[in-house]
Amino acid sequence: MLVFVKAGLPFPCRRGSVLSVIATQSREKESDSVSELIVLGSGTGIQSLRRGSPSLALLTENSRVVIDSGSGTLRRMLEVGITYLNVDLLLYTHIHPDHTVELVPILFACKYADEPRQQDLRCVGGPGFRHHVDQLKKIYGRWIESQSYHLTVEEMDEKPFLFRDLRISSRPMAHIPESVGFRIESKDGKTIAVSGDTDYCRNIVELAEAVDLLVLECSFPGARKVEGHLTPSLAGRIAKESRCRKLLLTHFYPICDQFDIVKECREEFEGEVIVGKDLMRMQL
Ligand SMILES: [Zn+2]
Ligand SMILES: [Zn+2]
């Protein structure tokens, strides 16, 4: 018999639905800690057998949040028990394709005739995000139009918003005009900050002030610095200045595998540095 854990499945779940069973079993395996971050994809838009395109999942007592959805995210979501039916909130750091393309397959899946999504879906990005989704709707028309559920598309300003057990705020990042980073605080007092793509800027330092977990992009080694992206030592500098408890690095271009990322990061940051891998899970 299926036993729904405390997060509950916020929709009437059909008996025998394969997706529902996978989602439920995965939640049952979790430990007592209610907040967990999972790296769904630790890579970029460049093909890699080791790293999928950027995406993170945040699981808390009452929320399943997916942050960015590069290609392949739907499958990765299922591997950790998140489905198109039970994801509660989609957050987007910016509209570059490596961070957003799976939105269309997610919305398409929500229309699956045999088990369409019923629960309302909230989808939040930075400035220009609503226009981006409107354009997608023009291209894909009824194939991604929500019918059995209500889709809300919103743009962050600097005012925080509340979602279930979460408080979410954002700041612009130094990448493209539309890019934002997020700070998420859960009801159990855990905090994370996620940069999305960015170069060094004061906004990410302030957004990440004393968080439990800071997730920073780390696109290139110091020897190959590219404007608009971080290197390991710049990520370390942000971690040091923000006084975060732990630093998780992700968004690695393949060239990073040829360099000692942790060593470069340690030039600036003495705290715990975690090199992200696909499907890595961290209790907060
Ligand atoms: Zn990117
Ligand atoms: Zn980008």
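Look up a bit, the structure's there.
*Asks:* When you look at the overall build of the chain in this model, what are you seeing that I'm missing?
*Replies:* When its secondary structure is counted, the chain shows eight helices and 14 strands. Within the chain, the proportion of its 284 residues that are buried is 56%. Considering only contacts in the chain between residues 6 or more positions apart, those separated by 24 or more positions represent 66%. With an accessible surface of roughly 12600 Å², the chain has 52% of that area assigned to carbon and sulfur atoms.

*Asks:* Looking at this model, I keep getting lost on the coordination of the zinc ion (ligand 1). Mind explaining?
*Replies:* Each donor-metal-donor angle in an ideal tetrahedron of four donors is 109.5 degrees, and each such angle in an ideal octahedron of six donors is either 90 or 180 degrees. Donor atoms from the polypeptide that coordinate the zinc ion (ligand 1) comprise Asp98 (OD), His99 (NE2), Asp197 (OD) and His251 (NE2), at 2.2 to 2.3 Å from the metal. The site at the zinc ion (ligand 1) holds four donor atoms, and with the angles between them running 93 to 156 degrees, its shape is irregular. Within one chain, the residues serving as donors to the zinc ion (ligand 1) are arranged as D-H-x97-D-x53-H. If you look at the zinc ion (ligand 1) and the zinc ion (ligand 2), they sit 3.5 Å from each other and are both ligated by Asp197. Of the two residues, Asp98 is situated in helix 3 (residues 97-100) and His251 in the loop between strand 12 (246-250) and helix 8 (261-266); the sequence distance between them amounts to 153 residues. The class for Asp98 is buried, based on a relative accessible area of 13%.

*Asks:* Where do I start with empty space enclosed by the protein in this structure?
*Replies:* Take a probe with the size of a water molecule and roll it over the atoms, and the empty space left behind shows itself. All chains considered together, the criterion is met by three cavities of 30 Å³ or more. Approximately 140 Å³ is the volume found for the largest cavity. Around the largest cavity, the lining is made up of 18 residues, and of these Pro54, Leu56, Asp68, Gly196 and Thr250 lie nearest the centre. Of all elements in the fold, only strand 2 (55-59) and strand 11 (213-217) reach the threshold of two or more residues within the lining of the largest cavity. When residues in the lining of the largest cavity are grouped by element, the largest group, three residues, is from strand 11.

*Asks:* Quick question: what am I supposed to make of the packing of aromatic side chains here?
*Replies:* For any pair of aromatic rings, the description rests on two quantities: the centre-to-centre distance and the angle between the ring planes. Per the stated rule, a full pass over the model turns up two aromatic pairs. Between Tyr92 and Phe129, the ring centres sit 5.3 Å apart and the planes meet at 25 degrees, which makes this aromatic pair stacked. Residue Tyr92 is located in the loop between strand 4 (89-91) and helix 3, and its partner Phe129 is located in helix 5 (residues 129-140); the two are separated by 37 residues in the primary sequence. Tyr92 gets classed as buried once you look at its relative accessible area, which sits at 1%. A residue is classified by how much of its surface remains accessible, and Phe129, at 1% relative accessible area, is buried.

*Asks:* Whenever I open this one, a nonpolar patch on the surface confuses me. Can you help?
*Replies:* Taken together, Phe108, Ile139, Tyr140 and Trp143 make up a surface patch of nonpolar side chains, about 460 Å² in accessible area. By secondary structure assignment, the location of Phe108 is in helix 4 (residues 103-109). In this structure Phe108 comes out as partly exposed when scored by relative accessible area, which is 48%.

*Asks:* Looking at this structure, how should I read the sheet that holds strand 11?
*Replies:* Strand pairing in a sheet relies on backbone hydrogen bonds, with the paired strands running either antiparallel or parallel. Strand order in the open sheet made by the seven strands is 7-8-9-10-11-12-13, with mixed pairing throughout. In this open sheet, the two strands that pair with only one neighbour each are strand 7 (161-163) and strand 13 (272-275). Strand-to-strand twist of the sheet, defined as the mean angle between neighbouring strand axes without regard to direction, takes the value 20 degrees. Pairing of strand 7 with strand 8 (residues 166-172) involves three bridges; the strand directions are antiparallel. By the bridge assignment for strand 8, Phe161 is matched with Ile168.

*Asks:* Would you mind showing me how to read the coordination of the zinc ion (ligand 2) here?
*Replies:* Those protein atoms acting as donors to the zinc ion (ligand 2) are His94 (NE2), His96 (ND1), His175 (NE2) and Asp197 (OD), and they sit at 2.2 to 2.3 Å. Classification of the site at the zinc ion (ligand 2) as irregular follows from its four donor atoms and the range of 92 to 165 degrees in their angles at the metal.

*Asks:* Where do I start with the pairing of strand 3 (residues 64-67) in this structure?
*Replies:* Side-chain positions along a regular strand alternate between the two faces of the sheet. Residue alternation in strand 3 divides its side chains into two sets, Arg64 and Val66 and Val65 and Ile67, and both sets are buried. With four bridges joining them, strand 2 and strand 3 adopt antiparallel strand pairing. Within the sheet, the bridge partner assigned to Ala57 lies in strand 3 and is Val66. Once strand 2 ends, the chain turns through four residues before running back antiparallel as strand 3. Following the backbone out of strand 3, through helix 2 (residues 73-79) and into the adjacent parallel strand 4, one traces a crossover that is right-handed.

*Asks:* It is not clear to me how the layout of surface pockets should be interpreted in this structure. Could you clarify?
*Replies:* The space that makes up the largest pocket amounts to roughly 220 Å³. Lining the largest pocket are 17 residues, and of these Arg51, Gly52, Ser53, Ser71 and Arg76 lie nearest its centre. Broken down by element, the lining of the largest pocket gets its largest block of residues, four residues, from helix 2. Looking at the lining of the largest pocket residue by residue, the class counts come to three nonpolar, nine polar and five charged.

Cut-off values and rules
Residues numbered from 1 in each chain as written. Chains lettered and ligands numbered in written order. Predicted model: local features only at pLDDT ≥ 70, side-chain atom pairs only at ≥ 80, totals over all residues. Heavy atoms only, no water. Helix = DSSP H or I, 4+ residues; strand = E, 2+ residues; numbered from the N terminus. Buried < 20%, exposed > 50% of the residue type's maximum accessible area, 1.4 Å probe, protein only. Contact = heavy atoms within 4.5 Å. Areas by Shrake-Rupley, 256 points an atom, 1.4 Å probe, with all protein chains shown as cover. Donors = N, O, S within 2.8 Å, 3.2 Å for Na, K, Ca; no water. Tetrahedral: all angles 85-135°; square planar, octahedral: opposite > 155°, others 65-115°. 1 Å grid on protein atoms, 1.4 Å probe; cavity = no way out; pocket = protein on both sides within 12 Å on 5 of 7 lines; lining within 4 Å. Points joined across faces, edges and corners; volume = space filled by probe spheres on them. Phe/Tyr/Trp six-rings, centres within 6.5 Å; stacked < 30°, edge-to-face > 60°. Patch = residues over 30% accessible without salt bridge, like charges linked within 9 Å, V, L, I, M, F, W, Y side chains within 5 Å. Salt bridge = Lys/Arg side-chain N within 4 Å of Asp/Glu carboxyl O. Pairing = 2+ DSSP bridges. Axes fitted to C-alpha atoms, helices over the stretch in contact; angles between N-to-C directions. Right-handed = clockwise from strand over helix to strand, strands pointing away. Nonpolar A, V, L, I, M, F, W, Y, C, P; charged D, E, K, R; others polar.

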